[in-house]
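Spelled out from the first residue to the last, the chains are:
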Amino acid sequence: MHRQHKLLSHLFLIFLFSASFPNVALGGAGEESGKPVAGENPFTPRASLLRYWNKQIGSGLPKSTFLLSKASPLSAVESATFTKLASQNALSDNLPAFCKSANLLCFPDLGQSLEKHDASSNFAVYSNKNFTNYGTDGLGGTDAFTKYSEGVNLPVDAFKRYSRDSVGNNDKFDNYGREGNVVDQSFSGYGAGATGGSGEFKKYNEEVNVPNLRFNSYTDDGNGRQQSFTSYTNETNSGDESFSSYGKNGNGSPNEFTSYGSSSNVIGSTFTGYGETGNSANDTFKSYGFDGNVPENNFKKYGDGGNAGTDTFISYRDQSNVGDDSFKSYAKNSNSAEVDFVNYGKSFNEGTDTFAGYGKGATNHKINFKIYGVNNTFTDYAKKGISFSRYTNKSSETMTSMAVSGSSVNRWVEPGKFFRESMLKKGTVMPMPDIRDKMPKRSFLPRTISSKLPFSTSKLEEMKKIFHAAENSSMEHMFTEALDDCERAPSKGETKRCVPSIEDMIDFATTVLGRNVVVRTTQSVEGSKQNVMIGSVKGINGGQVTKSVSCHQSLFPYLLYYCHSVPKVRVYEADLLDPKTKANVNHGVAICHLDTSDWSAGHGAFVALGSGPGRIEVCHWIFENDMTWTIAD
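Cut-offs applied
- Residues numbered from 1 in each chain as written.
- Predicted model: local features only at pLDDT ≥ 70, side-chain atom pairs only at ≥ 80, totals over all residues.
- Heavy atoms only, no water.
- Helix = DSSP H or I, 4+ residues; strand = E, 2+ residues; numbered from the N terminus.
- Buried < 20%, exposed > 50% of the residue type's maximum accessible area, 1.4 Å probe, protein only.
- Areas by Shrake-Rupley, 256 points an atom, 1.4 Å probe, with all protein chains shown as cover.
- Arc of directions from axis to C-beta.
- Contact = heavy atoms within 4.5 Å.
- Patch = residues over 30% accessible without salt bridge, like charges linked within 9 Å, V, L, I, M, F, W, Y side chains within 5 Å.
- Salt bridge = Lys/Arg side-chain N within 4 Å of Asp/Glu carboxyl O.
- Lys, Arg positive; Asp, Glu negative; His and termini not counted.
- Charge placed at Lys NZ, Arg CZ, Asp CG, Glu CD.
- Disulfide = S-S within 2.5 Å.
- Pairing = 2+ DSSP bridges.
- Axes fitted to C-alpha atoms, helices over the stretch in contact; angles between N-to-C directions.
- Expected span 1.5 Å × (residues − 1).
- Core = buried A, V, L, I, M, F, W, Y, C linked by side-chain atoms within 4.5 Å.
- Phe/Tyr/Trp six-rings, centres within 6.5 Å; stacked < 30°, edge-to-face > 60°.
- Polar contact = N/O pair within 3.5 Å; in protein donor to acceptor, adjacent residues only side chain to side chain.

**As for the overall build of the protein chain**
Across its full length, the protein chain holds 12 helices and 33 strands. Across the 633 residues of the protein chain, 52% fall into the buried class. With the model as given, the accessible surface of the protein chain reaches about 27,000 Å², and the carbon-plus-sulfur share is 50%.

**Some details on helix α5 (residues 95-102)**
Listed as buried for α5 are Leu95, Phe98, Cys99 and Ala102. Buried residues along α5 cover an arc of 95° about the axis, so they all sit on one side. Pointing more than 90 degrees away from the buried face of α5 are the exposed residues Pro96 and Lys100. Those residues of α5 that are buried lie in contact with α4 (76-87), α8 (447-450) and α9 (460-466).

**A few points about a negative patch on the surface**
A contiguous patch of negative charge on the surface is contributed by Glu481, Asp484, Asp485 and Glu487. With respect to the element layout, aspartate 485 can be found in helix α10 (residues 474-487). Overall, the relative accessible area of 39% leaves aspartate 485 in the partly exposed class.

**A few points about the state of the cysteines**
Simply put, disulfide is the name for a covalent bond between the sulfur atoms of two cysteines. Here the structure, examined in full by the defined rule, presents 4 disulfides. Here cysteine 551 engages in a disulfide with cysteine 563; their sulfurs sit 2.1 Å apart. Across the S-S bond of cysteine 551 and cysteine 563 the torsion is about 115°, and the bridge reads as right-handed. With cysteine 551 in strand β28 (residues 548-554) and cysteine 563 in strand β29 (residues 560-565), this residue pair connects regions lying 12 residues apart in the sequence. Overall, cysteine 551 belongs to the buried group, its relative accessible area being 0%. Between cysteine 592 and cysteine 619 runs a disulfide, and the two sulfur atoms are separated by 2.0 Å. Between cysteine 592 and cysteine 619, the S-S torsion sits near 105°, and that sign places the bridge as right-handed. One end of the pair, cysteine 592, is in strand β31 (residues 584-593); the other, cysteine 619, is in strand β32 (residues 618-621), with 27 residues separating them in the sequence.

**Notes on the sheet that holds strand β25 (residues 495-499)**
Sheet architecture is open: 5 strands sit in the order β25-β29-β28-β33-β26, paired in antiparallel fashion. For this open sheet the edge positions go to β25 and β26 (517-520), each flanked by a neighbour on one side alone. Each neighbouring strand pair of the sheet contributes to a mean axis angle of 20°, computed without reference to strand direction. Taken together, the 5 bridges between β28 and β29 define a ladder with antiparallel strand orientation. The partner of histidine 552 across the bridge, within β29, is tyrosine 562. α10 rests against β25 and β29 of the sheet, and its axis sits at about 145° to β25. The strands touched by helix α11 (residues 502-513) within the sheet are β25, β26, β28, β29 and β33 (627-631), with β25 carrying the most contacts at an inclination of about 165°.

**Regarding helix α2 (residues 45-56)**
A rise of 1.5 Å per residue sets the reference length of α2, with its 12 residues, at 16 Å; its end C-alpha atoms lie 16 Å apart and thus fit the reference within 8%. For α2, the complete set of buried residues consists of Pro45, Arg46, Ala47, Leu49, Leu50, Tyr52, Trp53 and Gln56.

**With respect to the nonpolar core**
One finds Phe98, Leu104 and Phe467 to be the most contacted residues of the largest nonpolar core, which totals 35 residues. At the level of secondary structure, the elements contributing two or more residues to this core comprise α4, α5, α9, α10 and β29. For this core, the element with the most residues is α10, which contributes 6 residues. Ranked by size, the runner-up nonpolar core spans 29 residues in total, among them Tyr162, Leu213, Tyr232 and Phe327.

**Notes on the pairing of β33**
Across the 5 residues that make up β33, a large majority, 4, are buried. Where β26 and β33 come together, 4 bridges link them in antiparallel fashion. Paired with valine 519 across the two strands is tryptophan 629, which belongs to β33.

**Side note on the sheet that holds β31**
Reading across from one edge, β24-β27-β30-β31-β32 is the order of the 5 strands in this open sheet, with antiparallel pairing throughout. Two strands bound the open sheet, and with one partner strand each, they are β24 (429-431) and β32. Pairs of neighbouring strands in the sheet enclose a mean axial angle of 40°, with direction left out of account. Note: β31 against β32, 4 bridges, orientation antiparallel. Paired with isoleucine 591 across the two strands is histidine 620, which belongs to β32.

**What to know about the pattern of salt bridges**
Scanning the entire structure with this criterion turns up 14 salt bridges. Across the salt bridge formed by lysine 538 and aspartate 633, the nearest N and O atoms sit 3.7 Å from each other. Taken together, the positions of lysine 538 in strand β27 (residues 531-539) and aspartate 633 in the segment after β33 put the pair 95 residues apart, joining distant regions of the chain.

**Considering the packing of aromatic side chains**
Within the structure shown, the criterion is met by 10 aromatic pairs. Between phenylalanine 82 and phenylalanine 98, the ring centres sit 5.1 Å apart and the planes meet at 55°, which makes this aromatic pair tilted. In this pair, phenylalanine 82 sits in helix α4 while phenylalanine 98 sits in helix α5, placing the two residues 16 residues apart along the sequence. Residue phenylalanine 82 is classed as buried on the basis of its relative accessible area of 6%. Take phenylalanine 98: its relative accessible area is 0%, and that puts it in the buried class.

**Here's the deal with unusual backbone geometry**
Of note in the backbone geometry, asparagine 472 takes a positive phi value of approximately 60° without being a glycine. Assessed through its relative accessible area of 46%, asparagine 472 is described here as partly exposed. Even without glycine at this site, asparagine 541 takes up a positive phi of about 55°. Considering the arrangement of structural elements, one finds asparagine 541 in the loop between β27 and β28.

**Points about the environment of threonine 522**
Residue placement: threonine 522 occurs in the loop between β26 and β27. On the basis of relative accessible area, threonine 522 is assigned to the buried category, the value being 5%. Sequence spacing of threonine 522 and glycine 588 is 66 residues, and the spatial spacing of their C-alpha atoms is 4.4 Å. Once residues lying within four places of it in the same chain are set aside, the contact partners of threonine 522 are Ile435, Asn586, His587, Gly588, Val589 and Ile622. At a separation of 3.2 Å, a polar atom in the side chain of threonine 522 contacts the main-chain amide nitrogen of valine 589. For threonine 522, the side chain forms a polar contact with the main-chain oxygen of isoleucine 622, separated by 2.7 Å.

So, in structure tokens, the structure goes:
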């Protein structure tokens, strides 16, 4: 009660101040001019930011309307309220209101489902649902999910204890979750103890961005239930998929993965406790991870203790770029297991395949490798019952020629994403990559709030509590990935900091560059995925080697930028023209890294440009919503 009284007193003072000045209006955002305007409340986070900008930056140049547009939209009252709640560790109890008012990325809380449905149901145009205890003990029938969560931003769907102990029930997920953004879907306790029937996932989460898909305790103790994953997460960007305790103790339950993760970018798949102690399992991975870029696949405790099962990998990770496969405790202590790897990992660039504890303790097993690509390690590998046909090792002339052929590997990096400094000349026609920002729209928090929120690996549980993040959820993955980036040691010559507020960004930029600074970004996304002609070019700071601070977005509930300064760069501004009409379509900002000696040999820049670390400079455009700070000319 005492806390509430103090808060109300504070808010009353704000109202009293506003009433005393006719030109002051509560919550007014003002214009994006970078100047305080009549009618703007001096207590808003934006007004406070403008004062801080004037104090810290001495260039006297107009403020960046681009950066100010990302300032917190909170009103004076809202800012005071949520600042107080943050200091009391009470934001979690007010999360929906906080997320809405502050323009944050938050997932909806799914309550228990009390809906009743017929034995056969058709779910169309559905989203953000929790199916709990659905179809338990069901007999026959078909459930079809068509155009479910299609094109939704931040969809959250949960299927718990779905079709448990059912007999002959068919589930179809067709064209499910297509073009979703930051997808969070879980299938837990799904089909446990089910007999017969089938689960079909077709065109599932196609063309989605940053998915987090979890199949946990899926069809355990199932009998004769068939699962089919067809055109599953194809053309997906980033994200993770996990299959844990999948098909455990199953009897005669075949699983088929066809066209799984094809043409996807940096996708991770984890199969843990998959098919464990299953009987007569029949799993087929066909066209799995085809044409992918840097896929990461983990198979742990896969098929351990299985009896008379067959696992077939056909066209597995074929024509993929780099990536890692890890097989740990694979088919351990199995009986009469048969595993075929056909056309496995015929990659353009070397990846890493690790086999540890593979086939150990197995009896009467048969394992074949046919047309097997680059491999690095076989550890604790069963010595008997294994045959290799056309094994391509690391030094193979064929693989070497594939790895260095520019025409073969350029397709892994979008044209125009990286280029040489010599391309920045008037009249040059070059492809413009897709510079559009695909992350959800969010705003910065004011420093009065962000400074009170936990942000470290040691405080991960506190972060999860505030933002209602469940175990293994998309939100938890966001936290861990952002923390990994922010807490890792800087690379050689790098100075770095993660900034959760514009005030923190200003502090970092001025610490590195001094107070006479400006922030620059590419004007718009026009020209993306098209050829553009370079018009007039201006070298920042006279085109001399200089310092800059570049800031890149992290996926996080509020705007969080990874800002860093690396030595030896040149920054340019250039007009971008339509090659046919010569009309101006954009004004681009590019940065050229002159010292690439500490970059990875597998960096996309070298894949695209055909060179190696320290041998060439590498340039790239500043993408939408990214920025670079430089000393003002």
